[in-house]
Structures are given as C-alpha cells and as structure tokens.
Amino acid sequence: MCKGLSYLPSSCLEKAKGMRVKLSHLAEIHHKQKVQDGKILQDLETLLSSKIGLQAFRGFLRSEFSEENLEFWLACEEYRVSPSNLHKTKASSIYNQFINPDAPLEVNLDAETRESLLSLMDVPCADTFNKAQQRIYSLMAKDSFPRFLRSHHCAEAIHS
C-alpha cells in the first residue's frame, strides 16, 4: 500500500521535481511547435521556408507527378546565392533541366519568358531567373498550394 510522498528519500523527491520541470518544458515546446506548424500552412512562402512544410508539399507534388515547379523554384533559390563564378555553369544546368523545350523537368513558362532567359544565358547574373521563378511561384500559389491544402499530405503534416 502507498504511504505517501513523505516516506520517499529526499533524493527521489528532488529527481521527481527535476523530471516534472523537464516534462513541463517539453510540453511547452511541443505546444509551440504545433502552433508554428499551423502557421506553416498560412501561405506558400511560409510553407517553403519550413523543412516540414517543404517535405509535405514535395510529397504532394510527387504524388501528382508535378514536382518540376518546386524543383525549379528551389534550383533558382540555390542559384541566386551561389558564387558568381559558378553562375554560367549553374544557369546552363537550370536551363537544360527546366526551361529548354526538351527538358526532362520542363516547367510551364510563356514564350516571352523563355526567350528572355535564352538571351541571358551568355552572361548570367544572380537575378537571371527572377522573372521565371516568380511566374512559377505564382503558378504554385494559385494552383498547387490550394490543392495541397485539401490533400491528405497536408492533413498528415498537421497531425505529425
């Protein structure tokens, strides 16, 4: 039969107090993370800046066989911060992978944007892909993101 806490050694009581403090701290962190996870879904920009959100969105796009837009957007983000001595090589790679009409992951860009990119390929700079990236971002925001919000991928991301 239990005789109460007064019969426990003081060292056990101190350890129990310490564990209670740690558990309450963990519960608080968990609650803050859940609140933050809910905010991830407010808009596409917030989703893309979150590792969990990006993972869930990528899984959704992969299930729809339409992940090329996200991959292009991510490649442009990486390109923008790359050293200028790598711009020509990286720009060519991005063009061949996403922009070229025979590209394996061709993104849906209008002819005017494609032509302006082609003219910039000789002397690329940090903002070479800005216009195309913005067009693809808008496409994802208007088309893919709303579908993602209604998908089981989104629900699983919220509940994980």
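Look up a bit, the structure's there.
This structure is a prediction, so every number in the text was calculated from the model and none was measured.

Cut-off values and rules
Residues numbered from 1 in each chain as written. Predicted model: local features only at pLDDT ≥ 70, side-chain atom pairs only at ≥ 80, totals over all residues. Heavy atoms only, no water. Salt bridge = Lys/Arg side-chain N within 4 Å of Asp/Glu carboxyl O. Helix = DSSP H or I, 4+ residues; strand = E, 2+ residues; numbered from the N terminus. Buried < 20%, exposed > 50% of the residue type's maximum accessible area, 1.4 Å probe, protein only. Axes fitted to C-alpha atoms, helices over the stretch in contact; angles between N-to-C directions. Parallel < 35°, antiparallel > 145°, perpendicular 65-115°, else oblique. Left-handed = near helix turned anticlockwise from the far one by under 90°. Contact = heavy atoms within 4.5 Å.

**Brief notes about the pattern of salt bridges**
- Counted under the stated rule, the structure contains 9 salt bridges.
- A salt bridge links Arg 58 to Glu 71; its shortest N-O distance comes to 2.9 Å. With a gap of 13 residues between them, Arg 58 in helix H3 (residues 51-63) and Glu 71 in helix H4 (residues 68-80) connect regions that are remote in the sequence.
- Its relative accessible area of 23% is what places Arg 58 among the partly exposed residues.
- The closest approach of N and O atoms between Glu 67 and Arg 62, which form a salt bridge, is 3.4 Å.
- Take Arg 62: its relative accessible area is 44%, and that puts it in the partly exposed class.
- Ionic contacts of the salt-bridge type, sharing partners, join the residues Glu 64, Asp 143 and Arg 147 into one network.

**Here we look at the packing of helix H6 (residues 111-120) against helix H7 (residues 130-149)**
- Where H6 meets H7, the axes come as close as 9 Å, and the angle between the chain directions of the two elements is 150 degrees. Considered as vectors, H6 and H7 are oriented roughly antiparallel to each other. Crossing geometry of H6 relative to H7 is assigned as left-handed. Judged by residue contacts, Glu 112, Thr 113 and Leu 117 of H6 engage Lys 131, Ala 132 and Arg 135 from H7.

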